[in-house]
Amino acid sequence: MEQEQEIYRLESDLLGELQVPVNAYYGVQTQRGINNYKISNSKMSDYPDFIIAIAYVKQAAALANAEVGALEPQIAEAISKACEEIIAGNLHENFPIDMMQGGAGTSVNMNANEVIANRALELMGYEKGDYAHCYPNDHVNCGQSTNDAYPTAIRYAIIRMNKTLVDSLQQLIAAFRAKGKEFKDVVKMGRTQLQDAVPMTSGQEFNAFANNLEEEVANLERNVKLLHEINMGGTAIGTGLNAAPGYADLCTAHLSELTGEKFEKASDMIEATPDTGAYVSYSAALKRLAVKLSKICNDLRLMASGPRCGLHEINLPPMAPGSSIMPGKVNPVIPEVTNQVCFKVIGNDTAVCFAAEAGQLQLNVMEPVITECLFESITWLTNAMHTLRERCVVGITVNAQHTLDMVKNSIGIVTALNPYIGYKNSTKIAKEALATGKSLEEVALEKGLLTKEQLDEILDPVNMLRVHKKF
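To start, this report covers the structure provided alongside it.

What counts, and at which threshold
- Residues numbered from 1 in each chain as written.
- Predicted model: local features only at pLDDT ≥ 70, side-chain atom pairs only at ≥ 80, totals over all residues.
- Heavy atoms only, no water.
- Helix = DSSP H or I, 4+ residues; strand = E, 2+ residues; numbered from the N terminus.
- Rg over C-alpha atoms; globule rule 2.2 N^0.38 Å.
- Contact = heavy atoms within 4.5 Å.
- Phe/Tyr/Trp six-rings, centres within 6.5 Å; stacked < 30°, edge-to-face > 60°.
- Buried < 20%, exposed > 50% of the residue type's maximum accessible area, 1.4 Å probe, protein only.
- Polar contact = N/O pair within 3.5 Å; in protein donor to acceptor, adjacent residues only side chain to side chain.
- Pairing = 2+ DSSP bridges.
- Expected span 1.5 Å × (residues − 1).
- Axes fitted to C-alpha atoms, helices over the stretch in contact; angles between N-to-C directions.
- Parallel < 35°, antiparallel > 145°, perpendicular 65-115°, else oblique.
- Left-handed = near helix turned anticlockwise from the far one by under 90°.
- Nonpolar A, V, L, I, M, F, W, Y, C, P; charged D, E, K, R; others polar.

1. Let's talk about the overall build of the protein chain
Along its length, the protein chain carries 16 helices and eight strands. The C-alpha atoms of the protein chain give a radius of gyration of 31 Å, which is well past the 23 Å a tight globule of 471 residues would have. Across its three principal directions, the C-alpha atoms of the protein chain cover 100 × 60 × 35 Å. Looking at the protein chain alone, contacts between residues at least 24 apart form 72% of all its contacts between residues at least 6 apart.

2. Points about the packing of aromatic side chains
For the structure shown, the criterion picks out ten aromatic pairs. Taken together, a centroid distance of 5.5 Å and an interplanar angle of 65° make the contact between phenylalanine 176 and phenylalanine 209 edge-to-face. Within this pair, whereas phenylalanine 176 is found in helix α6 (residues 146–182), its partner phenylalanine 209 is found in helix α7 (residues 202–224), the two being separated by 33 residues in sequence. The exposure classification of phenylalanine 176 matches that of phenylalanine 209, with both residues buried. Seen in terms of ring centroids, phenylalanine 206 and phenylalanine 209 are 5.4 Å apart; in terms of plane orientation they differ by 70°. Their pairing is edge-to-face. Here phenylalanine 206 pairs with phenylalanine 209, and both are found in helix α7, just three residues apart, close to one helical turn.

3. Let's talk about the environment of glutamine 101
Summarising the element assignment, glutamine 101 is placed in the loop between α3 (73–87) and α4 (106–123). Classification of glutamine 101 as buried rests on a relative accessible area of 9%. In this structure, the C-alpha to C-alpha distance between glutamine 101 and glycine 347, residues 246 residues apart in sequence, is 20 Å. Residue contacts for glutamine 101: discarding those within four places in its chain leaves Tyr37, Thr106, Ser107, Val108 and Pro368. In this structure the side chain of glutamine 101 is engaged in a polar contact, spanning 3.5 Å, whose partner is the backbone nitrogen of serine 107.

4. Considerations on the pairing of strand β4 (residues 195–201)
Taken residue by residue, a regular strand's side chains alternate between the two faces of the sheet. As paired elements, strand β3 (residues 187–192) and β4 share five bridges and run antiparallel to each other. Across the sheet, threonine 192 pairs through a bridge with glutamine 195, a residue of β4. As consecutive antiparallel partners, β3 and β4 are separated by two residues, and within that stretch glutamine 193 has a phi angle of approximately 55°, a positive value.

5. Observations concerning helix α8 (residues 247–259)
Along its 13 residues, α8 runs 18 Å from first to last C-alpha, staying within 8% of the 18 Å computed at 1.5 Å per residue. Of the residues making up α8, those classed as buried are Tyr247, Ala248, Cys251, Thr252, His254, Leu255, Ser256 and Thr259. Summarising the contacts, the buried residues of α8 are in contact with α2 (48–67), α6, β5 (229–230), β6 (264–265) and α9 (269–272). Immediately beyond the C-terminal end of α8, within one or two residues, lies glycine 260, with a positive phi of roughly 80°.

6. Let's talk about the side chain of threonine 235
Structurally, threonine 235 is set in the loop between β5 and α8. Among the residues examined, threonine 235 registers a relative accessible area of 3% and is labelled buried. Dropping the residues within four chain positions of it, threonine 235 is found in contact with Gly143, Gln144, Ser145, Asn147, Asp148, Gly240, Leu241 and Ala243.

7. Considering the packing of α2 against α4
For the pair α2 and α4, the least separation of the axes is 11 Å and the interaxial angle reads 70°. By the criterion of interaxial angle, the relationship of α2 to α4 is roughly perpendicular. Regarding α2 and α4, the two cross each other, and that crossing is right-handed. Taking contact as the criterion, the partners of Phe50, Ile54 and Lys58 in α2 are, on α4, Val108, Asn109, Ala112, Asn113 and Ile116. By residue class, the composition of the contact of α2 with α4 is five nonpolar, two polar and one charged.

8. Brief notes about unusual backbone geometry
Backbone geometry follows two general trends: most residues other than glycine have a negative phi, and most peptide bonds adopt the trans configuration. With an omega of 10°, the peptide bond between glycine 306 and proline 307 qualifies as cis. Along the polypeptide, proline 307 turns up in the loop between α10 (277–303) and β7 (314–315). Here the phi dihedral of alanine 104 falls at roughly 60°; this positive angle occurs in a residue that is not glycine. Relative to the helices and strands, alanine 104 resides in the loop between α3 and α4.

The values reported here are purely geometric and, on their own, carry no functional implication.
And the structure:
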């Protein structure tokens, strides 16, 4: 069967003419970006929130430009309607640009300008590429530069993605709290430095996981607020060249109204244009969450170790056969994959820091790698927390009798004797019990330090979970 030949239209730019697929809504500069950047296999279309964010930015700009008289009302209306379609989820396949690129995001900005211009042309009754009636640069990009439109879109995209991330985090927290309630009466041995410490409950342990992660909700929200300061109207370097008087304030106001977010115009546009400090802070918040999440997964894997020769305190839901050679082995694959996601997030934060530091003079051209790292970290963390909750945490069970037996057999509970017989005598009892294999109770009775009734009360695991009076 003969393959259908693709038809092209011819477009031109500074570098000359180039063929563009006739049905594509993007144009010549997007095509150059496609040709130039075959780097990461991560496309703009992989991040719908980014496409939606830049459409909101372009819509706000069009409305502001119409208001100050820089755009004809008919063109501004068509641009706005095209943006609305993109915000609704249409035309996203026309954003094929690789997230990793040179040019400080110019290819992304032009991709949006061209798609919006061509759809606006159709809405006005013209053919795609008939730019005399709506031009990507002169009309869609009116009063703008990549250097203000691109970072503003990045910031709003992160704000949108953060909501999904926080929702995933809160669901995971709720799952840990549910286990805390379920395991509230299960006594186990607490450990410090992998050595026996003092008794606690499994419920307390899982509640601690929940509370530890709860702090990260507030930390993420605190840092995402920094992204609400934008430099729209600063154009190339923050001086506002080619933006109409009043445009910057109006664009910020329209963007706030359209999105429901409280954006603020930067007080110093020249400072704000190259500044990537808000990205660094938000990336650090992602890293902090990743560090905590990874530590919790370490604990889950350790507590589930065994089943015969490890701690075997909890059972993780079996998700896959664990070995191609060892029959019957089941590994903690869900915490393991979550650990690895966290490692990636920590590495991405390092890349963000290097890229932020690499900015020079009036612009940081390394924003594309910052963007890709942040988007990837948010996406991976969101997915990992959903997976951890659904395929691990909700199905965890506890081996209550085994954990209680370990408490009763532990040398660590000698700590409870300190207030009654002193640290020195408690040390002697622990040492002798360890050497002879006798119980702490047996050694203490032999030495006549306490009565059996006193020992029964002091060493009752349940009593050791709370403050109690000295005899």
